[in-house]
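Summary of the model geometry
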Amino acid sequence: MPSTPADDEAWRGNALPLLNEIRHALDRLLASGETTVIDLGALPMGPQDEAELLAALGTGEVDATINAGGPSSVRETAYHGVWLVTHRNETGETQARFIEVAFVPELLMSQPEDVADSVKVLSERLGEEQNIRK
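Let me sum up the structure you'll find in this document. Once a new chain begins, its residue numbering starts again from 1 and follows that chain's sequence as written. pLDDT decides what is reported in this predicted model: residues at 70 or higher carry local features, side-chain atom pairs at 80 or more are listed and counted, and totals for whole chains, interfaces and linings draw on all residues regardless. Side-chain measures here rest on the full set of heavy atoms in the structure, leaving out hydrogens and waters.

Observations concerning the side chain of Arg-75
Structurally, Arg-75 is set in strand E3 (residues 71-76). Throughout, a contact is declared for two residues whenever any of their heavy atoms are within 4.5 Å. Ignoring anything within four residues of it in the chain, the contact list for Arg-75 reads Gly-58, Thr-59, Val-62, Asp-63, Val-82, Trp-83 and Leu-84. Helix and strand definitions here come from DSSP, where helices need a minimum of 4 consecutive H or I residues and strands a minimum of 2 consecutive E residues; each element is numbered from the N-terminal end.

A word on a nonpolar patch on the surface
Distance thresholds for patches are 9 Å for like charges and 5 Å for nonpolar side chains (Val, Leu, Ile, Met, Phe, Trp, Tyr), applied to residues having over 30% relative accessible area and no salt bridge. The Shrake-Rupley method, run with a 1.4 Å probe sphere, supplies the accessible areas, and residue values consider only the shown protein chains as cover. Here, a salt bridge means any Lys or Arg side-chain nitrogen found within 4 Å of an Asp or Glu carboxyl oxygen. Together, Leu-30, Phe-103, Val-104, Leu-108 and Met-109 make up an exposed nonpolar region whose accessible area comes to about 510 Å². Along the chain, Met-109 turns up in the loop between strand E5 (94-101) and helix H4 (112-133). Between buried and exposed lies partly exposed: a residue is buried under 20% and exposed over 50% of the maximum accessible area for its type, with that area taken using a 1.4 Å probe on protein chains only. Looking at Met-109, the relative accessible area reads 41%, which means it is partly exposed.

Let's talk about the nonpolar core
Among buried residues, those of type Ala, Val, Leu, Ile, Met, Phe, Trp, Tyr and Cys that are joined through side-chain atoms within 4.5 Å constitute a nonpolar core. Membership of the largest hydrophobic core comes to 14 residues, with the highest contact counts inside it found for Ile-22, Leu-40, Leu-53, Ile-99 and Val-101. Broken down by secondary-structure element, the contributors of at least two residues to this core are helix H2 (15-32), helix H3 (47-57), strand E4 (82-88) and E5. The leading source of residues in this core is H2, at five residues. In contact with Leu-53, other than residues within four places in its own chain, are Ala-15, Leu-18, Leu-19, Ile-22, Leu-40 and Met-45.

Considerations on the environment of Leu-18
Tracing the chain through its elements places Leu-18 in helix H2. Classification of Leu-18 by relative accessible area gives buried; the value is 6%. Taking the C-alpha atoms as reference, Leu-18 lies 7.8 Å from Leu-53; in sequence the two are 35 residues apart. Dropping the residues within four chain positions of it, Leu-18 is found in contact with Ile-38, Leu-40, Leu-43, Met-45 and Leu-53.

A closer look at the sheet that holds E3
The five strands lie next to each other as E1-E5-E4-E3-E2, forming an open sheet whose pairing is antiparallel. Here the strands that pair on one side only, and so sit at the sheet edges, are strand E1 (36-39) and strand E2 (63-67). In this sheet, neighbouring strand axes are inclined to one another by 20° on average, regardless of whether the strands run parallel or antiparallel. The pairing criterion is simple: DSSP has to find at least two bridges between the two strands. Pairing between E4 and E5: seven bridges, direction antiparallel. Only the contacting stretch of a helix is used when fitting its axis, a line to C-alpha atoms as for every element, and angles between N-to-C directions run 0 to 180 degrees.

Geometric values such as these leave the question of function open.
Set out below in structure tokens:
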């Protein structure tokens, strides 16, 4: 972490290149449906960089929380198709943070296996309901 003003300056300036990368990712999403995930923890960013990036992205209309092995949040930014995904542990500490450029974030999409389980359970329930009515 930077400890002096001179050191702090070395940590600035990463928000703008990331915003350009996000813009290009939006172009790819529209052109081909390709999603992009940017791992903010894997980038050389200081607290000021992240604060500038998050301020520039703003807040959108959708905010979802998933509780599985600790809370994860998916928040739409002010730019449709650009999502901030944050994973926390049970004590609330941030474990990972990503920018996901997608129509729908992967974390919110139902998995085929889960949908197949739902078909089976609902079919069984409907069968039971029909048997009760007979």
